[in-house]
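Remarks on the overall topology
Chain residues, written in single-letter form:
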Amino acid sequence: MTDRSQQQGTVAQRLRLGPGLLESDRAEIVSALSALNRHLGHWRSDQIDLRLSVRDRNFSDQQVALEIWLPGRHSLLAHASDADMNKALVEVRKVAIREIEAEFGRL
């Protein structure tokens, strides 16, 4: 892995943006989800796949979903709803961390 790849972290390297998101949203999303890097550090980044999508974006009931595929396991799915996208991203990150810790323990 190059120094640049290591600096970016797994989230920046492996995140795919799904429906409801634009490439111009990437920097803000990666920043909001960057705390996941520590929890994903147990695996090589090329073993991880992340996909974020938003339903009903910019509406009061928008829903953010983060799917995480880890090697040898089923996918983990974290959901959050909030009219404010930043709050929804923070909440989906917290839910994902809880899911990882519940599945694998504190890493």
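Residues numbered from 1 in each chain as written. Predicted model: local features only at pLDDT ≥ 70, side-chain atom pairs only at ≥ 80, totals over all residues. Heavy atoms only, no water.

1. Some words on the nonpolar core
Core analysis: the biggest nonpolar cluster contains 30 residues, and Leu36, Leu40, Leu52, Leu66 and Ile68 have the highest contact counts within it. Going through the elements one at a time, α2 (26–33), α3 (36–40), β2 (49–55), β3 (63–69), β4 (76–81) and α4 (85–104) are the ones with two or more residues in this core. The biggest single contributor to this core is α4, with nine residues. When near neighbours in sequence (up to four residues on either side) are disregarded, leucine 40 contacts Thr10, Val11, Ile48, Leu50, Ile68, Leu70 and Ile100. (Core = buried A, V, L, I, M, F, W, Y, C linked by side-chain atoms within 4.5 Å. Buried < 20%, exposed > 50% of the residue type's maximum accessible area, 1.4 Å probe, protein only. Helix = DSSP H or I, 4+ residues; strand = E, 2+ residues; numbered from the N terminus. Contact = heavy atoms within 4.5 Å.)

2. Overview of the pattern of salt bridges
Following the criterion strictly, the structure yields seven salt bridges and no others. Taking the shortest distance from any N to any O, the salt bridge between aspartate 49 and arginine 16 comes out at 2.9 Å. Residue aspartate 49 is found in strand β2, and its partner arginine 16 is found in strand β1 (residues 15–17); the two are separated by 33 residues along the sequence. Since its relative accessible area comes to 39%, arginine 16 is described here as partly exposed. A salt bridge links glutamate 67 to arginine 51; the shortest N-O distance between them is 3.2 Å. Taken together, the residues glutamate 67 in strand β3 and arginine 51 in strand β2 connect sequence positions 16 residues apart. (Salt bridge = Lys/Arg side-chain N within 4 Å of Asp/Glu carboxyl O.)

3. Comments concerning the confidence of the model for the protein chain
When the pLDDT values of the protein chain are averaged, the result is 89; 91% of them are 70 or greater. The model gives residues 1–7 a pLDDT under 50, and that stretch makes five contacts with residues more than four places away or in other chains. (pLDDT = per-residue confidence, 0-100.)

4. What to know about the environment of serine 24
Note that serine 24 resides in the loop between β1 and α2. Judged by relative accessible area, serine 24 falls into the exposed class, the value being 66%. Along the chain, serine 24 and tryptophan 69 lie 45 residues apart, while their C-alpha atoms are 24 Å from each other.

5. What to know about the sheet that holds β3
A sheet is described by the order of its strands in space; here four strands give the open sequence β1-β2-β3-β4, paired in mixed fashion. Of all the strands in the sheet, the pair left with one neighbour each is β1 and β4. Neighbouring strand axes in the sheet, compared pairwise and without regard to direction, differ in orientation by 20 degrees on average. Here α4 sits on the sheet and contacts β2, β3 and β4; the angle it forms with β4, its principal contact strand, is near 150 degrees. (Pairing = 2+ DSSP bridges. Axes fitted to C-alpha atoms, helices over the stretch in contact; angles between N-to-C directions.)

6. Some points on α4
With 20 residues, α4 ought to run about 28 Å at 1.5 Å a step, and its terminal C-alpha atoms sit 28 Å apart, in line with that. Among the residues making up α4, those that are buried are Met85, Ala88, Leu89, Val92, Arg93, Val95, Ala96, Ile97, Ile100, Glu101 and Phe104. On its buried face, α4 sits against α2, α3, β2, β3 and β4. In this structure aspartate 84 caps α4, since a side-chain oxygen of it lies 2.9 Å from the backbone nitrogen of asparagine 86. Two residues or fewer past α4, glycine 105 is found with a positive phi of approximately 80 degrees. (Expected span 1.5 Å × (residues − 1). Polar contact = N/O pair within 3.5 Å; in protein donor to acceptor, adjacent residues only side chain to side chain.)

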